[in-house]
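These are the residues of each chain, in order.
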Amino acid sequence: MVAQPAGDASFQVTPGLDRQALERFLVWIRPLQQALSLEADRGFADLQGRKEHFHSFMTRELASPPDIPLPGDVPERLRVLAEGFADYPSHNDADRRRQVTVARQWLHALRQRLEPSAPMAPPRLKVAQPSSTAPGFSGSTPSLDAPLGQVRGIGPKLAERLASLGLLLVRDLLLHYPRDYVDYSALRRIEALVPGETATIVATVRRCHGFTSPRNPNLSIIELHLQDPTGRIKVTRFLAGKRFSNPSYLHGQTRQYPNGATVAVSGLVKDGPYGLSFQDPLVEVMESAQAPLRSSRIGRLLPVYPLTEGLTADRFRALVARVLPAVRLWPEPLPRERRQARQLLSRDKALVAIHQPESSEQLQQARHRLVFDEFLLLQLGLMQRRAALRQRPAPSLRCASDRDGLMGRFLELLPFELTGAQQRVLAEIERDLDRPEPMARLVQGDVGSGKTVVAVAALLKAIQAGWQGAMMAPTEVLAEQHYRSLCTWMPPLHVTVELLTGSTPQKQRRRILADVASGACKILVGTHALLEDPVGFERLGLVVVDEQHRFGVRQRNQLLGKGLQPHLLTMTATPIPRTLALSLHGDLDVSQIDELPPGRTPIKTAMLSGSSRDEAYQLIRDEVNKGQRAYVVLPLVEDSEKMDLRSAVEVHRQLAEEVFPDLHVGLLHGRLASADKQSVIRSFAAGDSQVLVSTTVVEVGVDVPEASVMVIDHADRFGLAQLHQLRGRVGRGAAASHCLLINDSRNPLARQRLEVLVQSTDGFEIAEMDLRLRGPGQVLGTRQSGLPDLALASLADDGSVLEEAREEAADILAQDPELQDHAVLKRLLEEQRSRVTSAAQLN
């Protein structure tokens with residue numbers, strides 16, 4: 001099937017000029033054409049210019065065309081014209097007129113040949129609109145809560161298949177949004193077809209014939225030879241099956257496409273050995289080029305849905321069309337004035353347009369409205385939760401002498417001054433703690449920015465005021481790290497600290513619980529063990545939660561329930577992009593420690609291939625010889641048959657026995673008992689082991705200033721934010737530090753992700769890229785994160801809509817805090833809360 005110019009092509013084919021060559025050609029030819037026009041206007045008098053006569057200019061320019069690829073006949077013709085203008089002064093008026101006219105005509109034709117003309121505009125295509133009363137309900141519109149089994153055409157077997165997709169009610173089917181669209185609405189002329197794009201053409205049938213394949217008697221082929229004003233194309237339809245090879249059937253098929261008939265053809269344009277063709281074309285014969293198309297697919301944006309086995313795309317589209325009239329019953333959550341102010345479609349129109357868009361513009365409007373609704377409900381829920389929290393009484397931790405008390409003495413004990421950012425965030429926390437309403441603040445800070453010091457100062461303010469504090473971490477390693485830090489800071493201040501984790505011995509646990517209940521223990525550090533029922537505080541005033549993104553809202557609330565209504569300070573070293581922060585922590589005030597302590601040396605990051613591991617090991621040896629230490633991090637604890645990855649256990653054996661037999665190499669992973677983990681970390685911190693092979697257990701909490709090398713094997717298996725966290729384990733001392741990313745993947749996307757880390761040390765920039773490249777679920781790495789259940793909205797791409805919905809939510813609640821005048825919104829919020837509660841119980 002070859003696309004070619006219509007009619008005879010007797011002219012010489014001209015190679016297309018690239019843009020630069022075309023520009024040089026136009027710079028040369030325009031002055032020639034202007035000079036010829038001027039000479040004709042002035043009566044062929046061989047005009048005198050500033051420097052030379054007309055004939056002299058023409059002779060020189062025609063003899064020196066630009067050095068570009070010109071058609072083969074052009075150089076000789078230019079030579080003849082140049083010679084003619086050399087004799088121009090000796091010619092009479094008639095010869096001069098003829099010579100100028102010939103030159104003008106020839107140059108005009110040359111310019112037309114070499115300068116691309118604007119493509120011929122495609123015809124306008126009328127698409128018949130879908131009927132508003134789809135078949136299937138005998139004229140009656142189904143209830144939104146009607147089971148799909150009651151819809152005509154959906155039997156028990158089909159209902160079971162739909163149920164496997166989570167589709168039980170008519171409402172569910174309408175909310176099962178397309179995952180993509182095939183764009184058959186792009187109408188093209190034949191000459192403008194581009195391989196790889198889906199398009200529609202309207203053309204005339206030149207001839208059609210059908211035949212059975214000589215190689216396969218069960219395959220019949222219908223070939224349509226079509227043309228439009230710009231070119232010709234052959235469209236082939238394949239009919240597989242014995243019944244199609246019947247001669248009378250084939251003859252009947254070809255008679256559908258008589259010569260001269262107008263047809264519309266849609267499909268994916270592909271480039272084959274015989275030119276352009278359509279893959280699996282859809283063909284419809286039209287009454288005329290102006291008649292509307294009746295096909296439900298040709299010339300339209302065709303929705304593509306997530307499906308299951310035994311359910312075809314056409315069948316599913318027909319089911320959606322059947323229940324689409326029910327959108328009339330959908331309650332509208334936003335009043336008309338608010339919709340008009342934001343230029344939003346109505347909810348029912350948006351639902352129709354998302355399933356049956358008439359144009360790309362309408363699809364964008366529909367998606368915008370539905371995404372806006374998702375974000376609006378999310379923000380209303382978060383803002384109501386924050387408002388409810390503010391209504392509860394909380395202990396006011398105002399003290400007469402904060403800076404002279406425990407907090408002031410602690411800050412004096414530190415061997416360094418707080419950075420400006422730390423002082424600013426601490427002041428914000430102090431203001432919150434002085435109020436009688438509960439604080440709910442998230443402190444974001446890059447790795448090593450000093451969040452823990454700020455949190456400890458806040459805890460001491462609570463203790464000074466006569467209350468207790470709790471510090472909760474997601475892993476035992478991190479909890480023990482915090483406990484060790486507090487054990488060095490608290491004894492001079494005579495503040496008692498205890499550690500409670502899942503591996504705390506029973507006898508010790510009973511003593512700690514008694515001390516906490518009596519108030520003898522002032523600060524309790526722990527993991528999820530703090531959530532257990534036996535843990536009861538006498539007066540819990542402040543809860544600090546580290547690595548906030550690893551705790552769901554439910555766990556946070558469990559801990560808050562242990563006190564009257566304690567203040568909540570959450571911290572994360574995983575920088576969270578603004579859209580994600582607003583979605584997850586919209587009920588929290590956010591502070592940022594955006595300044596690193598002085599004296600930190602920047603970490604040099606490089607990417608190596610798997611074959612260059614020896615370079616990494618040499619760097620480790622060089623640094624160890626200087627008295628430094630090194631981490632080697634891997635994604636797996638032990639070898640896996642499913643994945644061809646090096647494991648921590650195997651690499652530890654290799655390094656200890658073959659690469660560094662003269663050094664002590666430690667091994668740390670999540671399967672070790674808690675005491676063994678602590679022993680390994682203490683040995684590394686003390687310098688007894690110089691190299692530590694680890695899994696991502698080392699990601700948070702291990703603080704060894706002498707560590708200056710971080711080698712991450714199979715770096716392509718980690719997220720960017722996680723790699724940034726790991727990198728933050730080095731560079732904590734004064735020595736220059738190195739992070740080497742070993743990438744075994746040949747995937748260019750993996751390389752592109754790692755390049756972001758090599759180029760940037762800004763955690764927020766890295767987090768934004770991670771969100772774009774991997775999506776929010778992967779960035780947070782856990783279903784427990786409290787990530788909102790968004791069907792259509794994308795936290796990576798719809799940030800502006802989120803901001804818009806947040807403004808609207810704040811405006812609605814400012815005027816109607818209880819949503820008395822927004823009954824539909826109130827009901828939708830209650831339904832969303834019950835869904836989240838059920839999901840949390842299932843988890």
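Scroll up for the structure.
Definitions and limits used
Residues numbered from 1 in each chain as written. Predicted model: local features only at pLDDT ≥ 70, side-chain atom pairs only at ≥ 80, totals over all residues. Heavy atoms only, no water. Helix = DSSP H or I, 4+ residues; strand = E, 2+ residues; numbered from the N terminus. Buried < 20%, exposed > 50% of the residue type's maximum accessible area, 1.4 Å probe, protein only. Contact = heavy atoms within 4.5 Å. Areas by Shrake-Rupley, 256 points an atom, 1.4 Å probe, with all protein chains shown as cover. Salt bridge = Lys/Arg side-chain N within 4 Å of Asp/Glu carboxyl O. Pairing = 2+ DSSP bridges. Axes fitted to C-alpha atoms, helices over the stretch in contact; angles between N-to-C directions. Parallel < 35°, antiparallel > 145°, perpendicular 65-115°, else oblique. Left-handed = near helix turned anticlockwise from the far one by under 90°. Nonpolar A, V, L, I, M, F, W, Y, C, P; charged D, E, K, R; others polar. Phe/Tyr/Trp six-rings, centres within 6.5 Å; stacked < 30°, edge-to-face > 60°. Lys NZ or Arg CZ within 6 Å of the ring centre and 35° of its normal. Polar contact = N/O pair within 3.5 Å; in protein donor to acceptor, adjacent residues only side chain to side chain. Core = buried A, V, L, I, M, F, W, Y, C linked by side-chain atoms within 4.5 Å. Expected span 1.5 Å × (residues − 1).

## Regarding the overall build of the chain
If you tally the helices and strands in the chain, you get 27 helices and 20 strands. Taking all 843 residues of the chain together, 50% fall into the buried category. In the chain, once contacts between residues fewer than 6 apart in sequence are set aside, the share between residues at least 24 apart is 74%. Just so you have it, the chain exposes about 40,400 Å², and 49% of that area is on carbon and sulfur atoms.

## What about the pattern of salt bridges?
One pass over the structure, following the stated rule, counts 33 salt bridges. Close ionic contact of Glu808 with Arg342 constitutes a salt bridge, the shortest N to O distance being 2.7 Å. Placement of the pair is Glu808 in helix H26 (residues 799–815) and Arg342 in helix H9 (residues 336–342), with a sequence separation of 466 residues. The exposure class assigned to Glu808 is buried, which follows from its relative accessible area of 5%. The class of Arg342 is partly exposed, set by a relative accessible area of 21%. Residues joined in a network through salt bridges with shared partners are Glu332, Arg339, Arg347, Arg369 and Asp373.

## Brief notes about the sheet that holds strand E10 (residues 497–500)
Taken in spatial order, the 7 strands of this open sheet run E10-E11-E9-E12-E13-E8-E14, and their pairing is parallel. Each edge of the sheet is formed by a strand with only one pairing partner; in this case those strands are E10 and strand E14 (589–593). Strand-to-strand twist across the sheet, computed as the mean angle between neighbouring axes with direction ignored, equals 20°. Summarising the sheet, strand E8 (residues 440–445) and E14 pair through 5 bridges and their orientation is parallel. The residue of E14 that forms the bridge with Gly445 is Ile593. Most of the contacts of helix H14 (residues 451–464) go to strand E13 (residues 567–572), to which it runs at about 170°, and overall it touches E8, strand E9 (468–472), strand E11 (523–526), strand E12 (540–545), E13 and E14.

## Overview of unusual backbone geometry
Residue Gln343 is not a glycine yet carries a positive backbone phi of 55°. Tracing the sequence through the fold places Gln343 in the loop between H9 and helix H10 (347–355). A positive phi angle is found at His714, which is not glycine, with a value near 55°. Summarising the element assignment, His714 is placed in the loop between strand E19 (707–712) and helix H22 (720–727).

## Quick look at the packing of helix H1 (residues 19–41) against helix H4 (residues 93–114)
As a packed pair, H1 and H4 sit with axes 10 Å apart at the nearest point and diverge in direction by 155°. When the interaxial angle is binned, H1 and H4 end up roughly antiparallel. Crossing angle aside, the handedness with which H1 passes H4 is left-handed. Facing Leu22, Phe25, Leu26, Trp28, Ile29, Arg30, Leu32, Gln33, Leu36, Ser37, Glu39 and Ala40 of H1, the residues of H4 in contact are Val100, Ala103, Arg104, Leu107, His108, Leu110, Arg111 and Leu114. Split by residue class, the contact of H1 with H4 holds 13 nonpolar, 3 polar and 4 charged.

## Remarks on the packing of aromatic side chains
Applying the stated criterion across every chain, the model contains 8 aromatic pairs. Plain terms: the ring middles of Phe54 and Tyr88 are 5.3 Å apart, the flat faces sit at 70° to each other, and that makes the pair edge-to-face. Highlighted residues: Phe54 in helix H2 (residues 54–63) and Tyr88 in the loop between helix H3 (74–86) and H4, separated in sequence by 34 residues. Pairing Tyr305 with Phe316 gives two aromatic rings, centres 4.8 Å apart and planes at 50°, and the pair type is tilted. Placement of Tyr305 in the loop between strand E7 (301–304) and helix H8 (313–323) and of Phe316 in helix H8 is noted, with a sequence separation of 11 residues between them. Judged by its relative accessible area of 5%, Tyr305 falls in the buried class. Classification of Phe316 as buried rests on a relative accessible area of 0%. An aromatic cluster is present here, built from Phe54, Phe85 and Tyr88 joined pairwise through their rings. It is Arg96 that lies over the ring of Tyr88; its NZ or CZ is 4.8 Å from the centre.

## Observations concerning the side chain of Arg441
In this fold, Arg441 is placed in strand E8. Here Asp432 takes part through its side chain, which lies 2.7 Å from a polar atom of the side chain of Arg441. Within the local environment of Arg441, its side chain forms a polar contact with the side chain of Ser591, the two groups lying 2.7 Å apart. Setting aside anything within four residues of it in sequence, one finds Arg441 in contact with Glu428, Ile429, Asp432, Leu568, Leu569, Thr570, Leu588, Asp589, Val590 and Ser591.

## Concerning the nonpolar core
Leu162, Leu174, Phe375 and Leu376 are the most contacted members of the largest nonpolar core, which totals 55 residues. Contributing elements (two or more residues each) for this core: helix H5 (156–164), helix H6 (170–174), H8, H10, helix H11 (360–391), H26 and helix H27 (823–842). Looking at which element gives the most residues to this core, the answer is H11, with 12 residues. In contact with Leu162, other than residues within four places in its own chain, are Leu148, Ile154, Leu167, Leu311, Phe316 and Leu319. With 42 residues, the next largest nonpolar core counts Ile429, Val443, Val454 and Leu569 among its residues.

## Section: the sheet that holds strand E4 (residues 231–240)
The strand order E4-E3-E2-E5-E6 describes an open sheet built from 5 strands, whose pairing is antiparallel. Either end of the sheet is taken by a strand with one partner, and the two such strands are E4 and strand E6 (275–286). Taken pair by pair, the neighbouring strands of this sheet meet at an average axis angle of 45°, ignoring direction. As paired strands, strand E3 (residues 219–228) and E4 are joined by 10 bridges and run antiparallel to one another. In the strand pairing of E4, His225 is matched with Lys234. Each of strand E2 (198–212), E3 and E4 touches helix H7 (residues 247–255); the most contacted strand, E2, lies at about 145° to it.

## Some remarks on the pairing of E12
By the criterion of burial, E12 is predominantly enclosed, with 6 of the 6 residues buried. When E9 meets E12, the two strands line up parallel, connected through 5 bridges. By the bridge assignment for E12, Ala470 is matched with Val543. With 4 bridges joining them, E12 and E13 adopt parallel strand pairing. Each residue of the ladder has a partner; that of Val543, found in E13, is Leu568.

## Quick notes on the environment of Val649
Relative to the elements of secondary structure, Val649 occurs in helix H20 (residues 648–659). With relative accessibility at 33%, the residue Val649 sits in the partly exposed group. Separated by 18 residues in the primary sequence, Val649 and Leu667 place their C-alpha atoms 7.5 Å from one another.

## Focus: helix H21 (residues 674–686)
When the terminal C-alpha atoms of H21 are compared, their 18 Å separation across 13 residues agrees well with the 18 Å that a helix rising 1.5 Å per residue should span. In this fold, the buried residues of H21 make contact with helix H15 (476–489), strand E16 (629–633), strand E17 (665–668), strand E18 (691–694) and E19. Phi for Gly687, located one or two positions after H21, is positive at around 95°.

## A closer look at the side chain of His714
A relative accessible area of 4% means that His714 is categorised as buried. Within polar-contact distance, the side chain of His714 engages the side chain of Asp744 at 3.4 Å.

## Quick look at the packing of H1 against H2
At a closest axis distance of 11 Å, the pairing of H1 and H2 adopts a crossing angle of 155°. Considered as vectors, H1 and H2 are oriented roughly antiparallel to each other. Note on packing geometry: the crossing formed by H1 with H2 is left-handed. Residues Trp28, Pro31, Leu32, Ala35, Leu36 and Glu39 of H1 touch H2, and the partners they reach there are Phe54, Phe57, Met58, Glu61 and Leu62. By residue class, the composition of the contact of H1 with H2 is 9 nonpolar, no polar and 2 charged.

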